[in-house]
Amino acid sequence: MAAIHGTDSASLRRAAAPRVLLEAEVFAHGSTRLSRDEIAAERRRREPLAEGWNPIGHGTLRNSDEQTVAAVASLRGAIARAGRPAADFDGWGVLAAPRFLGRSKLTVAFDQFKAEGVWGVTPHLIPHFALHAQAGTLSLILGGHGPNLGIGGGRFAASEGVLSALTWLESGVAPGVWLVLTGWSPEYRPDRQGEPLAETHCESVALALIPASSDQEGRIKLQINELETPGPPSPTTPETLAARLDGLLASPMTGPREIAHRSHAARRFGLDGRPGKADRRIALGTDDEGRLLIDLKAPGGASA
Amino acid sequence: MTEHDPERDVWITGVGLASSLGFDMATLEANLLAGRSGVAAVAGFSTDDYPSRIAASLPEIPCPRSIAPTDFARLPRLEQAALWSVESALRDAGLWERRTEGLRVGLVLGVGAEWLELWEVDWLGGGDRVQNPARDRETTVDRVRRRFALRGPGLTLSAACAASNFAFDVGRTWLRKGLADVCVVGGCEMAVTPIGLATFGNLRALSRRNDDPGRASRPFDRDRDGFVLGEGGVACVLESARGARRRGAVAYAEVAGFGASSDSHHHVIPSPNPEPAGQAVRRALADAGINSEDVDHINAHATSTTVGDACEAAVLRLIFGDDLDRIPTTSTKSMTGHLLTAAGAIEALACITAMRRGAVPPTVNLEEPDVDLCLVARESRLHRVSTTLSNSFGFGGGNSCLVLRSV
């Protein structure tokens, strides 16, 4: 290792066990897995994300990519789970990490350009299908003034999204972050009319993330850990992440526990299952070099 | 002002660029200070039917020393611009050889419409990549990291035209948290394609001053009629002040402050309320530990649209008040065109130019200002600059602001 920038100490760090580089707490999450018909129905919904939030403008989602519509649906779930008023999220940042936004639209745009020339090209390509578009639209719908940013865009978008969110929370750019990960499963393969050649669903998971703190032991944490030895690259997906979170929350954090001596044993619910059960880490994926591992850290006793 | 903190301060110690005004810092500086425009008629495809037929396009991108010219020629221009900029920046910083010696080099680039551009270029060549997801394995950032064997984390991001400033902040945070030993940050954009030029033109965002390209981009001028697309790539090497000092690196500037916000107003129209964008500027000043009177120069976002320029003037007045009357303000998009996601990065270089050369680059074509700012019109102005601020605002309501400080 070249010894610049105090890398003597950096070398020592990497020789030890994987270290936590960044982490955040999962305040709430929501997820969706929608068919194209279901997305069409979601696109028409005008009611607010939750009671007390701003209604969605009539034309806000009209030209949006289907992944953006799915993202809104997952945000509804996360907001419902959070159970907090809109004002509590004032200043939160919005990060949106789609995979291959605009693929279905581009096939149509190419044919229109070929048939009609310049005037056949829709002006909506950049506002709705470039990488920033999903985050910008979600920011508009959420109605906050925290920063918004599109992330990734490719196969490892979800990993890049998690890395970005935890980076933002570390830097203090925003007090909390809405992180939305979306993609088609299987990947959308359009014909010349933009229709999928095989059945596919759009997955989305929305996470409300806050800085990690020591006073909320019961919350699930998202972590970026540095691996001593890089593993094979392993992209996470919205569906994987949502399933892991759902699994953790479905399992009782604190199972029933016998107290008192045998003759007076009684089952008492809601007591903490610790000590004796260590925190569990669930690997979700890596970055594209297999160097940074994304983990969910469950509180003691939880299972995935 | 705040005291320097070698443990947290982050410096820019290398730059690389591909722009219509040059492929190295010295050339860019000379052209900016001379007030030369990079805007010309679009070549490479027929533009007869286009409402806007001008752009600050890139000429042939030089081949980096580490790549065989025949290999380089086969790559998409977006990737060429990224490779040239990143290699140039690492060489400029004196870290090119060190990247394979265990140095963890992170890479964060603003790239706004990567897949749209790649799919279009492929389609124009007779391909069907857009219909074949299996071919889309790696982003441009991934490919640059693999080719150059960069061992730090990588990230592609976009807040549209506000993107590059975010890259500086992410890179700075990664250095402070030890995710990377050095970090290359910037932006790349190649939007001057047949469909790219058409979609922006049909959005009615572009200047139609086709018969006078060099005078088409005219921020803050009453006679403006839209912005001019630009192309390019810019990469800056960030490293900790402590590490840079230890190895005797030459610093271009300190990345002193960053702030960001969203308008939450409209997909493409900036908010008439200056408060949200003002919040980004305010946060950047606070992050740098300075007050508005400490700023010596402002590189405005000002793209040359009537609504956008007026909104930004209101934002600046809101934050700087009477101080604004003495702070030389300029928009170098009058020369470079609008590089979209790479705009903030090339404007960071314009800010560095002002600090290094003691002269503020001009807003060319500015003949009749319609805003009340201390504008540097037509010719560069000698002015001592120690602290400079650069705004970038974008579609999607994104606002970002970067403060750079001389070292």
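The numbers attached to residues start from 1 for each chain and follow its sequence in the written order. For this description, chains carry letters from A and ligands carry numbers from 1, given in the order in which they are written. Totals for whole chains, interfaces and linings use all residues, but because this is a predicted model, local features are given only for residues with pLDDT of at least 70 and pairs of side-chain atoms are given and counted only at 80 or more.

### A word on the overall build of chain B
- The helix count covers DSSP runs of H or I at least four residues long, the strand count covers runs of E at least two residues long, and both are numbered beginning at the N terminus. Helices and strands together make up the secondary structure of chain B, namely 12 helices and 14 strands.
- Every radius of gyration here is taken over C-alpha atoms, with the globule rule written as 2.2 Å times N^0.38, N being the number of residues. Radius of gyration (C-alpha) of chain B: 20 Å, near the 22 Å computed for a compact globule of 407 residues.
- Overall, the C-alpha framework of chain B stretches about 55 × 55 × 40 Å when taken along its three principal axes.
- Counting the 407 residues in chain B, one finds 66% classified as buried.
- The contact criterion used is a C-beta to C-beta distance within 7 Å, with each C-beta placed from the backbone. A fraction of 79% describes how many contacts in chain B between residues 6 or more apart in sequence connect residues 24 or more apart. A residue is called partly exposed when the number of other C-beta atoms within 10 Å of its own lies between 12 and 20, exposed at 12 or fewer, and buried at 20 or more, with C-beta atoms placed from the backbone.

### Things to note about the confidence of the model for chain A
- One confidence number per residue, pLDDT, is output by the predictor and ranges from 0 to 100. Taken as a whole, chain A shows an average pLDDT of 85; of its residues, 82% reach a score of 70 or greater.
- Note on residues 1–15 of chain A: pLDDT is under 50 here. Beyond four places in sequence and across chains, it has 26 contacts.

### A look at the pairing of strand E5 (residues 154–158) of chain B
- Among the five residues in E5(B), five count as buried, and that is most of the element.
- Alternating positions in E5(B) separate into two faces, B:Gly154, B:Thr156 and B:Ser158 on one and B:Leu155 and B:Leu157 on the other, with burial throughout.
- The pairing of strand E3 (residues 148–151) of chain A with E5(B) spans two bridges and is antiparallel. From the neighbouring strand, A:Ile151 faces E5(B), where its bridge partner is B:Leu157.
- Pairs of strands are assigned from DSSP output, requiring at least two bridges between the strands. Summarising the sheet, strand E4 (residues 105–111) of chain B and E5(B) pair through four bridges and their orientation is parallel. Bridge pairing links B:Leu109 to B:Thr156 in E5(B).

### Regarding helix H5 (residues 140–148) of chain B
Residue and element names in this part refer to chain B.
- Listing the buried residues of H5 in full gives Thr140, Val141, Asp142, Val144, Arg145 and Phe148.
- Of the surrounding elements, those touching the buried residues of H5 are helix H3 (77–92), E4, helix H4 (114–124), E5 and strand E6 (182–189).
- One or two positions beyond H5, positive phi appears at Ala149, with a value near 55 degrees.

### Digging into the packing of helix H2 (residues 36–44) of chain A against helix H3 (residues 66–82) of chain A
Residue and element names in this part refer to chain A.
- The angle between two axes is taken between their N-to-C directions and runs from 0 to 180 degrees, where each axis is a line fitted to C-alpha atoms and a helix contributes only its stretch in contact. At a minimum axis distance of 9 Å, the contact between H2 and H3 shows a crossing angle of 70 degrees. With respect to H3, the axis of H2 lies roughly perpendicular. For the crossing formed where H2 meets H3, the hand is left-handed. Contacts from Arg36, Ile39, Glu42 and Arg43 of H2 reach H3 at Glu66, Val69, Ala70, Val72 and Ala73. Roughly parallel refers to an angle under 35 degrees, roughly antiparallel to one over 145, roughly perpendicular to one between 65 and 115, and oblique to any angle outside these ranges. Note on convention: near helix rotated counterclockwise from far helix by under a right angle means a left-handed crossing. Clockwise means right-handed.

### Concerning the packing of helix H6 (residues 163–177) of chain B against helix H12 (residues 343–357) of chain B
Residue and element names in this part refer to chain B.
- Contact geometry of H6 with H12 gives a least axis separation of 5 Å together with a crossing angle of 75 degrees. Taken as axis vectors, H6 and H12 run roughly perpendicular relative to one another. Taken together, the residues of H12 that come into contact with H6 (itself represented by Ala163, Ser164 and Asn165) are Ala343, Gly344 and Ala345.
- The residue makeup of the contact of H6 with H12, split by class, is three nonpolar, three polar and no charged. We call Asp, Glu, Lys and Arg charged. Ala, Val, Leu, Ile, Met, Phe, Trp, Tyr, Cys and Pro are nonpolar, and the rest, Gly among them, are polar.

### Digging into the interface of chain A and chain B
- Across the boundary between the two partners, chain A contributes 62 residues, which contact 63 residues of chain B.
- Of all the secondary structure elements, the ones that give two or more residues to the side of chain A that touches chain B are helix H1 (7–15), strand E1 (19–34), helix H4 (103–116), helix H5 (125–129), helix H6 (133–142), E3 and helix H7 (157–171) of chain A.
- Tallied by class, residues from the side of chain A that touches chain B come to 31 nonpolar, 23 polar and eight charged.

### What about the confidence of the model for chain B?
- Residue-level pLDDT values for chain B average 97, and 99% of them are 70 or greater.
- Across the predicted assembly, pTM comes out at 0.93 and ipTM at 0.97.

### Points about H6(B)
All names here are of chain B.
- Its 15 residues place the ends of H6 22 Å apart at the C-alpha level, agreeing with the 21 Å of an ideal helix rising 1.5 Å per residue.
- Across the 15 residues that make up H6, a large majority, 13, are buried.
- Where H6 ends, the next residue or the one after it, Gly178, has phi of about 80 degrees, a positive value. For a helix, the expected span equals 1.5 Å multiplied by the residue count minus one.

### Considering the environment of B:Ala89
Residue and element names in this part refer to chain B.
- Within the secondary structure, Ala89 is located in helix H3.
- Ala89 sits 148 residues away from Val237 along the chain, and the two C-alpha atoms are 6.1 Å apart.
- In contact with Ala89, not counting residues within four places along its chain, are Gly14, Val15, Gly16, Val184, Ala235, Cys236 and Val237.

### Details of the domain arrangement of chain B
Residue and element names in this part refer to chain B.
- The domain boundaries here were taken from an automatic or database domain assignment. Taken domain by domain, chain B comprises domain 1 (10–246) and domain 2 (260–390).
- Elements represented by at least two residues in the side of domain 1 that touches domain 2 include exactly strand E1 (10–19), helix H1 (25–34), E4, H6, E6 and strand E7 (232–240).
- Looking at the side of domain 1 that touches domain 2, the element that brings in the most residues is H1, giving five residues.
- Here the side of domain 1 that touches domain 2 is built from residues that sort into 26 nonpolar, 18 polar and 10 charged.

### Digging into unusual backbone geometry
- Here A:Ser185 and A:Pro186 are connected by a cis peptide whose omega angle stands at -5 degrees.
- Inspection of the secondary structure assignment puts A:Pro186 in the loop between strand E4 (177–185) and strand E5 (201–211).
- Positive phi outside glycine occurs at A:Phe100, with the angle close to 55 degrees.
- With respect to the helices and strands, the residue A:Phe100 is situated in the loop between strand E2 (93–97) and H4.
- Of note, B:Ala160 is a non-glycine position whose phi angle comes to about 55 degrees, a positive value.
- Along the chain, B:Ala160 turns up in the loop between E5 and H6.

### Observations concerning the pairing of E4(B)
All names here are of chain B.
- Of all seven residues making up E4, seven are buried, and the element is well covered by its neighbours.
- Judged from the seven bridges that link them, E4 and E6 form a sheet pairing that is parallel. Bridge assignment links Leu109 to a residue of E6, and that residue is Gly186.

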